[in-house]
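# What the coordinates show
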Amino acid sequence: MTRAIWLVLVMAALAACGGGGGLSSSEVTINQAAAQSALERFNTYRQLAAVQSVDLEDALSLDCQYHAHYLALNDISLKEVGLSAHGEDPALPGYSVIGAKAGANSIIYQGVTPTEAIDYWMRTFYHRLGVLDPNLYYVGFGSEGEYQVMDVNSGRVKGAAAARGAVVFPAPGMKNVPTQYKREIPHPITDDEELGIPITVEFFGDIGHKINSVGAFVLDLDTSREIKCYRQWPGYPFLKEWDLEQLIALIPEDPLPSGHEFRVSVTATIDDFPWEVEWSFTTD
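Residues numbered from 1 in each chain as written. Predicted model: local features only at pLDDT ≥ 70, side-chain atom pairs only at ≥ 80, totals over all residues. Heavy atoms only, no water.

### Concerning the overall build of the chain
So the rule is basically this: Under the DSSP-based scheme used, a helix requires at least four consecutive residues in state H or I and a strand at least two consecutive residues in state E, with every element numbered from the N terminus. We compute the radius of gyration from the C-alpha atoms alone; for a globule the expected value is 2.2 Å times N to the 0.38, where N is the number of residues. Note on classification: 1.4 Å probe, protein chains only; a residue is buried when its accessible area is under 20% of the maximum for its type, exposed when over 50%, partly exposed between these limits.
The helix and strand tally for the chain stands at six helices and 12 strands. In terms of overall size, the chain behaves like a compact globule, its C-alpha atoms giving a radius of gyration of 19 Å where 284 residues would be expected to give roughly 19 Å. The dimensions of the chain, computed from C-alpha atoms along their principal axes, are 60 × 40 × 35 Å. Across the 284 residues in the chain, those meeting the buried criterion constitute 52%.

And the structure:
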């Protein structure tokens, strides 16, 4: 299992999930309208990336609802607490074992609607990773007030049964791509706040690939100019604690121009064999 694909499991290690107690199941109910709207938006992105749609699982959604309830009840500020928002404190009201487990397996957003959360996660870097996994088949979604919680880990096929493949985003031929990165915790480029939309190549499956000799660039086809980008691949991470093994990524140093078409070209040696991919997308 690699850090590139299972980012949410890294978050799980940071979240405390012990103890008993908490709410009874009668005190929290799934926000079905929020969950369905989020699912539809989520599947739109997966279809654009040419991976299968996922289903909602009620049990996971209820667990996510517990964590959303905990966050809302305690007015947790994600900006202040950072990744610890994925855990729950047994001393605080609304704590539950299932809510803590859901938080550890989820991506979380504050201050947006369910569909906005999906859109903004896709504009981030770290929180996007893994959500386009072709081995993901079902998710859970909880929503309370300004808190959106989505379990994107529990519904994955893992191990020898996991299908192998590479997924790129923004997707080939995609139109109306946002021009700008959306701020997240952690922030990948510590001394630069104004970034373009992250461009990612993720490798999925049961075997970790050896990736080296990477070449990657983005060309603005409207101006014939190369876009200056920060680049990451195994051994060369943006943040030293997030050296992700199954990922090649580019983040433009500035927001991309609107209404332009861009061509992405990536070459690498993977498991000692040459590999390349090239595709285009257009910004909004």
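Further notes follow.
### A word on the pattern of salt bridges
Quick reminder of the rule: Any Lys or Arg side-chain nitrogen located within 4 Å of an Asp or Glu carboxyl oxygen qualifies as a salt bridge.
As enumerated under the stated definition, the model contains six salt bridges in all. Between Asp206 and Arg164 there is a salt bridge, and its shortest N-O distance comes to 3.1 Å. Here the residue Asp206 occupies a position in the loop between strand 6 (199-204) and strand 7 (211-220), and Arg164 occupies one in the loop between strand 4 (147-151) and strand 5 (165-169), the gap between them amounting to 42 residues. For Arg164, a relative accessible area of 53% corresponds to the exposed category. A salt bridge links Glu226 to Arg231; its shortest N-O distance comes to 3.3 Å. Owing to a relative accessible area of 29%, Arg231 belongs among the partly exposed residues under this scheme.

### Some words on the sheet that holds strand 10 (residues 247-252)
Put simply, the rule is: Strand pairing is defined by DSSP finding a minimum of two bridges between the two strands. Structural elements are reduced to axes, namely lines fitted to C-alpha atoms, with helices fitted over the stretch in contact, and the angle between N-to-C directions of any two is expressed from 0 to 180 degrees.
Taken in spatial order, the four strands of this open sheet run 5-6-10-9, and their pairing is antiparallel. Only two strands of the sheet have a single neighbouring strand rather than two, namely strand 5 and strand 9 (229-232). With direction set aside, neighbouring strand axes in the sheet form an average angle of 15°. In the sheet, strand 9 pairs with strand 10 via four bridges, with the strands oriented antiparallel.

### Here's the deal with the pairing of strand 6
Counting buried residues along strand 6, six of its six residues qualify, which places the element largely inside the surrounding structure. The side-chain alternation of strand 6 yields two buried faces, one formed by Ile199, Val201 and Phe203 and the other by Thr200, Glu202 and Phe204. One ladder, built from four bridges, connects strand 6 with strand 10; its direction is antiparallel. Bridge pairing links Glu202 to Leu247 in strand 10.

### Topic: the packing of aromatic side chains
In plain terms, the rule: Any two of the Phe, Tyr and Trp rings considered here, Trp counted by its six-membered ring, make a pair once their centres fall within 6.5 Å; the pair's planes then place it as stacked at under 30 degrees, edge-to-face at over 60, or tilted in between.
The full count for this structure, using the stated rule, is nine aromatic pairs. Measuring from centroid to centroid gives 5.2 Å for Phe203 and Trp275, while their planes differ by 65°, and the two rings are edge-to-face. Pair noted here: Phe203 is in strand 6 and Trp275 is in strand 12 (residues 273-282), with a separation of 72 residues, a long-range link. Given a relative accessible area of 24%, Trp275 falls into the partly exposed group. Where Trp233 meets Tyr236, the ring centres are 5.1 Å apart and the plane angle is 45°; that geometry is what we call tilted. Taken together, Phe125, Tyr126, Phe238 and Trp242 form an aromatic cluster joined through their ring pairs.

### Some details on the pairing of strand 2 (residues 106-110)
Burial analysis of strand 2 places four of its five residues in the buried class, the great majority of the element. Of the pairings in the sheet, the one linking strand 2 to strand 4 comprises five bridges and is antiparallel in character. What sits directly across from Ile107, in strand 4, is Met150.

### Here's the deal with the packing of helix 3 (residues 58-73) against helix 5 (residues 97-104)
We count it as follows: By definition in this entry, angles of less than 35 degrees are roughly parallel, angles greater than 145 are roughly antiparallel, angles of 65 to 115 are roughly perpendicular, and the rest are oblique. Contact criterion: two residues are considered in contact whenever any of their non-hydrogen atoms come within 4.5 Å of each other. Under the scheme applied, nonpolar residues are Ala, Val, Leu, Ile, Met, Phe, Trp, Tyr, Cys and Pro; charged residues are Asp, Glu, Lys and Arg; polar residues are all the others, including Gly.
Contact geometry for helix 3 and helix 5: axes closest at 7 Å, N-to-C directions at 95°. Judged by the angle between their axes, helix 3 and helix 5 are roughly perpendicular. Of helix 5, the residues touching helix 3 (which contributes Asp63, Cys64, Tyr66 and His67) are Ile98, Gly99, Ala102 and Gly103. Each residue belonging to the contact of helix 3 with helix 5 can be placed in one class, and the counts come to four nonpolar, three polar and one charged.

### Structural notes on the side chain of Thr283
We count it as follows: Polar contacts, as counted here, are pairs of nitrogen or oxygen atoms within 3.5 Å of one another; within protein the pair requires one atom able to donate a hydrogen and one able to accept it, and residues that are adjacent in sequence qualify only if both atoms are side-chain atoms.
Mapped onto the elements, Thr283 comes out in the segment after strand 12. Of the polar contacts made by the side chain of Thr283, one reaches the backbone oxygen of Pro257; its length is 2.7 Å. A distance of 3.0 Å separates a polar atom in the side chain of Thr283 from the backbone nitrogen of Gly259. In contact with Thr283, not counting residues within four places along its chain, are Asn176, Val177, Thr179, Leu256, Pro257, Ser258, Gly259, His260 and Phe262.

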